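Here are the chains, one letter per residue:
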Amino acid sequence: MIAVLSRTAPLAQKAAVVRIAEDAGLEVHVSETPTHCLIGLLGEGASTLVPRVEALDGVIEVDRKAPPYMIVSRTHHAHRTEVRVGQARFGGDAVHVIAGPCSVESREQVLAAGDAVKMAGASALRGGAFKPRTSPYAFQGLGRQGLELLAEARARTGLPIVTEVLDVRDIDAVAEVADVLQVGARNMQHVPLLRELGRLNKPVLLKRGLCATLDELLCAAEYIVSAGNGQVILCERGVRTHVDHARATLDLAAIAVLKERTHLPVIVDPSHAAGTRALVAPLARAALAAGADGLIIESHPAPEVARSDKAQQLRPDQLTSLMDELRGIASVLGRPLGVDAQEAAA
Ligand code: PEP
Ligand code: MN
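Residues numbered from 1 in each chain as written. Chains lettered and ligands numbered in written order. Predicted model: local features only at pLDDT ≥ 70, side-chain atom pairs only at ≥ 80, totals over all residues. Heavy atoms only, no water.

Taking burial as the measure, the five residues of strand 12 (residues 232-236) include five buried ones, the bulk of the element. Note: strand 11 (residues 204-207) against strand 12, four bridges, orientation parallel. What sits directly across from Leu 205, in strand 12, is Ile 233. Both strand 12 and strand 13 (residues 266-268) contribute to a ladder of three bridges, which runs parallel. Considered in strand 13, the bridge of Leu 234 is made with Val 266. Crossover strand 12 to strand 13 through helix 8 (residues 252-261) is right-handed. (Buried < 20%, exposed > 50% of the residue type's maximum accessible area, 1.4 Å probe, protein only. Helix = DSSP H or I, 4+ residues; strand = E, 2+ residues; numbered from the N terminus. Pairing = 2+ DSSP bridges. Right-handed = clockwise from strand over helix to strand, strands pointing away.)

Encoded structure:
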């Protein structure tokens, strides 16, 4: 359960709640939203304390039905969280596109991809240096060399970098280059990784697991946020179902439901849901129309020779025309698209 106080309540009032809970042997988690101080009282016997806690000065209410993701929940945190990535503010009025290749493959490839992504008007460049491949014999990424190439693309284009971290031991190296550290679908519940990312002061892009419920995704986000890092962007990327006409089933309802349950920004990856180029644009358009705060789209200078996910990566001209379509949809929704439009609207 959660004791809800005003954020500006005197420290002594907050301490009184903590003391009662600790004396009863409960675990206590204190977090602050822009308006409230939330004190989670966890453990057996918490409910017996309700009358005493309710009677304390400064306690606005005791919420006995708080979800297991109390900090990322919107219940006591009505403000939308904006996550800054370079100049882009994910979760604000504007929508933003992150684009780039599945994997970093070579200097020429990633620099060409970066140039194309910038030209198309995307707000950040993606590219995997550490790749979580299904087969151990498939291309696993260039690792630390890939990070160096991403750093070069960042310096050349000025675009912030989004790249995946697979292993706790690589966090520092990835964080040196990345503006956003991505947790892939396969690692959504990799608890030690989530906890360590919670210690960073950098945005984390958390992708939904292949079979995860939304509450499981939100609990995964809670691991990061409760460890101290509130900069989390959630990503719907399709879930596994019986269908065989797409790589995954893009869960459009997840966008609206997540935005109801959490104040964190929600973006969509149409590429890994689609699995084929032709499906990417329709899914991207639908996701934006359904209320996504942004998209992450795979794009490669020459997809036919890509070393991973070659069937789903857009050619640069396809990315450019999709961006034009998305701009039109965003304007119908009253949302600027991209950093320039975001600044113009500010
Ligand atoms: C990716 O974005 O590179 C990726 C591997 O996606 P996912 O984790 O969603 O499969
Ligand atoms: Mn991929």
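On we go from here.
The backbone of Asp 309 sits at a positive phi, close to 50 degrees, despite the residue not being glycine. When you line up the elements, Asp 309 lands in the loop between strand 14 (294-298) and helix 11 (316-332).

The subject of this paragraph is the coordination of the manganese ion (ligand 2). Within the first shell, the manganese ion (ligand 2) binds the protein through Cys 102 (SG), His 272 (NE2), Glu 298 (OE) and Asp 309 (OD), at distances of 2.0 to 2.4 Å. In the primary sequence, the donor residues of the manganese ion (ligand 2) line up as C-x169-H-x25-E-x10-D. With His 272 in helix 9 (residues 270-274) and Asp 309 in the loop between strand 14 and helix 11, this pair connects stretches of sequence that are 37 residues apart. Residue His 272 shares its accessibility class with Asp 309, and that shared class is buried. (Donors = N, O, S within 2.8 Å, 3.2 Å for Na, K, Ca; no water.)

What follows is about the pattern of salt bridges. Opposite charge on two side chains allows them to pair when their charged atoms are near. In the structure shown here, the tally under the stated rule is 20 salt bridges. The shortest N-O distance in the salt bridge between Arg 7 and Glu 32 comes to 3.7 Å. Of this pair, Arg 7 sits in the loop between strand 1 (2-6) and helix 1 (11-23) while Glu 32 sits in strand 2 (residues 27-32); the two residues are 25 residues apart in sequence, bridging distant segments of the chain. Within the structure, one salt-bridge network assembled from shared partners comprises Arg 7, Lys 14 and Glu 32. (Salt bridge = Lys/Arg side-chain N within 4 Å of Asp/Glu carboxyl O.)

Below, the discussion takes up the sheet that holds strand 2. Spatial ordering of the open sheet is given by 2-3-1-4, a layout of four strands whose pairing is antiparallel. In this open sheet, the two strands that pair with only one neighbour each are strand 2 and strand 4 (59-63). Strand-to-strand, the axes of this sheet are offset by a mean angle of 20 degrees, without reference to chain direction. Pairing analysis gives five bridges linking strand 1 to strand 3 (residues 36-42), with the strands arranged antiparallel. Opposite Ile 2, over in strand 3, you have Gly 40 as the bridge partner. Most of the contacts of helix 1 go to strand 3, to which it runs at about 5 degrees, and overall it touches strand 1, strand 2, strand 3 and strand 4. (Axes fitted to C-alpha atoms, helices over the stretch in contact; angles between N-to-C directions. Contact = heavy atoms within 4.5 Å.)

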